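# Coordinate inspection notes
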Amino acid sequence: MWHKVSFPGFGDGSKTQEICTVNAQRYRDEVLERHVLLFRGAVGPHFIFIDDNARPHRANPVDEYHEGEDIRRRDWPAMSPDLNSIDHVWYALGRRVATDQPPPRTLPALHNVLPQEWEQLSAELLNHLIEGMPQRCDACVAMKGNHTPY
């Protein structure tokens with residue numbers, strides 16, 4: 001099964017972006033091998049990979065790849081914006097796009113503007129999301145799985 005997706009990635013002050021039509025094999029070959037292994041190498045032994053529950057991310061070949069490359073992965077429940085920093089990034093991108101004059105009115109227009117807005121997001125915002133992860137996790141535990149006020 002093929003899905004059209006965007007892969008914003010960030011960590012340690014740097015950003016990546018891939019926008020493509022993807023299945024599990026392409027996700028493994030073009031995203032995990034090309035970007036995730038580099039990020040893991042840069043971060044070191046404390047690296048934990050976070051993705052969402054998209055079908056290509058959870059397919060058997062991808063799971064086998066994670067195991068074979070010894071990539072530690074954090075499983076997230078579906079619809080958990082409190083914990084998944086990527087969801088916070090999408091929210092920030094949405095706010096930026098909404099202020100464009102005129103805002104994009106078609107999918108192709110949105111597809112064109114998102115990479116520009118992604119480049120404009122500050123490293124400070126992304127680092128804040130990473131550094132705030134322990135507090136979001138603690139707040140989520142305290143809320144017993146309900147959404148936090150973040």
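Residues numbered from 1 in each chain as written. Predicted model: local features only at pLDDT ≥ 70, side-chain atom pairs only at ≥ 80, totals over all residues. Heavy atoms only, no water.

### Side note on the environment of Arg-28
- With respect to the helices and strands, Arg-28 occurs in helix H1 (residues 24–43).
- Placed 38 residues apart in sequence, Arg-28 and His-66 show a C-alpha to C-alpha distance of 9.1 Å. (Helix = DSSP H or I, 4+ residues; strand = E, 2+ residues; numbered from the N terminus.)

### A few points about unusual backbone geometry
- Between Gln-101 and Pro-102 the backbone carries a cis peptide bond, its omega angle lying at -10°.
- With respect to the secondary-structure elements, Pro-102 resides in the loop between helix H4 (85–98) and helix H5 (107–120).
- Notably, Asp-70 is not glycine yet its phi reads approximately 55°, a positive angle.
- Looking at where Asp-70 falls in the secondary structure, it is placed in the loop between helix H3 (60–68) and strand S6 (73–74).
- Residue classification places Asp-70 among the exposed positions, given a relative accessible area of 61%. (Buried < 20%, exposed > 50% of the residue type's maximum accessible area, 1.4 Å probe, protein only.)

### Brief notes about the packing of aromatic side chains
- What the rule picks out here adds up to one aromatic pair.
- With a centroid separation of 6.5 Å and an interplanar angle of 25°, the aromatic rings of Phe-47 and Phe-49 are classed as stacked. No difference in accessibility class separates Phe-47 from Phe-49, as the two residues are buried. (Phe/Tyr/Trp six-rings, centres within 6.5 Å; stacked < 30°, edge-to-face > 60°.)

### Re the packing of H1 against H3
- Where H1 contacts H3, the axes come no closer than 9 Å and their chain directions differ by 25°. Comparing their axes, H3 and H1 come out roughly parallel. When you trace H1 past H3, the crossing you get is right-handed. Of the residues in H3, those in contact with Ala-24, Tyr-27, Arg-28, Leu-32, Glu-33 and Leu-37 of H1 are Pro-61, Val-62, Tyr-65 and His-66.
- Residues belonging to the contact of H1 with H3 are distributed by class as follows: seven nonpolar, one polar and two charged. (Axes fitted to C-alpha atoms, helices over the stretch in contact; angles between N-to-C directions. Parallel < 35°, antiparallel > 145°, perpendicular 65-115°, else oblique. Left-handed = near helix turned anticlockwise from the far one by under 90°. Contact = heavy atoms within 4.5 Å. Nonpolar A, V, L, I, M, F, W, Y, C, P; charged D, E, K, R; others polar.)

### Comments concerning H3
- Inspection of H3 places Val-62, Tyr-65 and His-66 among the buried residues, and these make up the whole buried set. For H3, the arc enclosing every buried residue in end-on projection is 100°, short of the 170-degree limit, so these residues lie on one face. H3 presents Asn-60, Glu-64, Glu-67 and Gly-68 as exposed residues on the side facing more than 90 degrees away from its buried surface.
- Looking at the buried positions of H3, the neighbouring elements they touch are H1, strand S5 (49–50), helix H2 (55–58) and S6.
- Just downstream of H3 lies Asp-70, where phi reads positive at about 55°. (Arc of directions from axis to C-beta.)

### Regarding the side chain of Glu-117
- When you line up the elements, Glu-117 lands in helix H5.
- In contact with Glu-117, not counting residues within four places along its chain, are Leu-93, Arg-96, Val-97 and Asp-100.

### Some thoughts on the pattern of salt bridges
- Applying the stated criterion to the full structure yields four salt bridges.
- Across the pair Arg-96 and Glu-117 runs a salt bridge, and its minimum N-O distance is 2.7 Å. Pair noted here: Arg-96 is in helix H4 and Glu-117 is in helix H5, with a separation of 21 residues, a long-range link.
- Judged by its relative accessible area of 30%, Arg-96 falls in the partly exposed class.
- For Glu-117, a relative accessible area of 9% translates into the label buried. (Salt bridge = Lys/Arg side-chain N within 4 Å of Asp/Glu carboxyl O.)

### What about the confidence of the model for the protein chain?
- Mean pLDDT over the protein chain stands at 77; residues scoring 70 or higher make up 75%.
- Looking over the protein chain, one finds the lowest element-wise mean pLDDT in strand S1 (residues 3–6), namely 42, and the highest in H3, namely 91.
- Note on residues 1–7: pLDDT under 50 across the span, and 31 contacts to partners over four residues away in sequence or across chains. (pLDDT = per-residue confidence, 0-100.)

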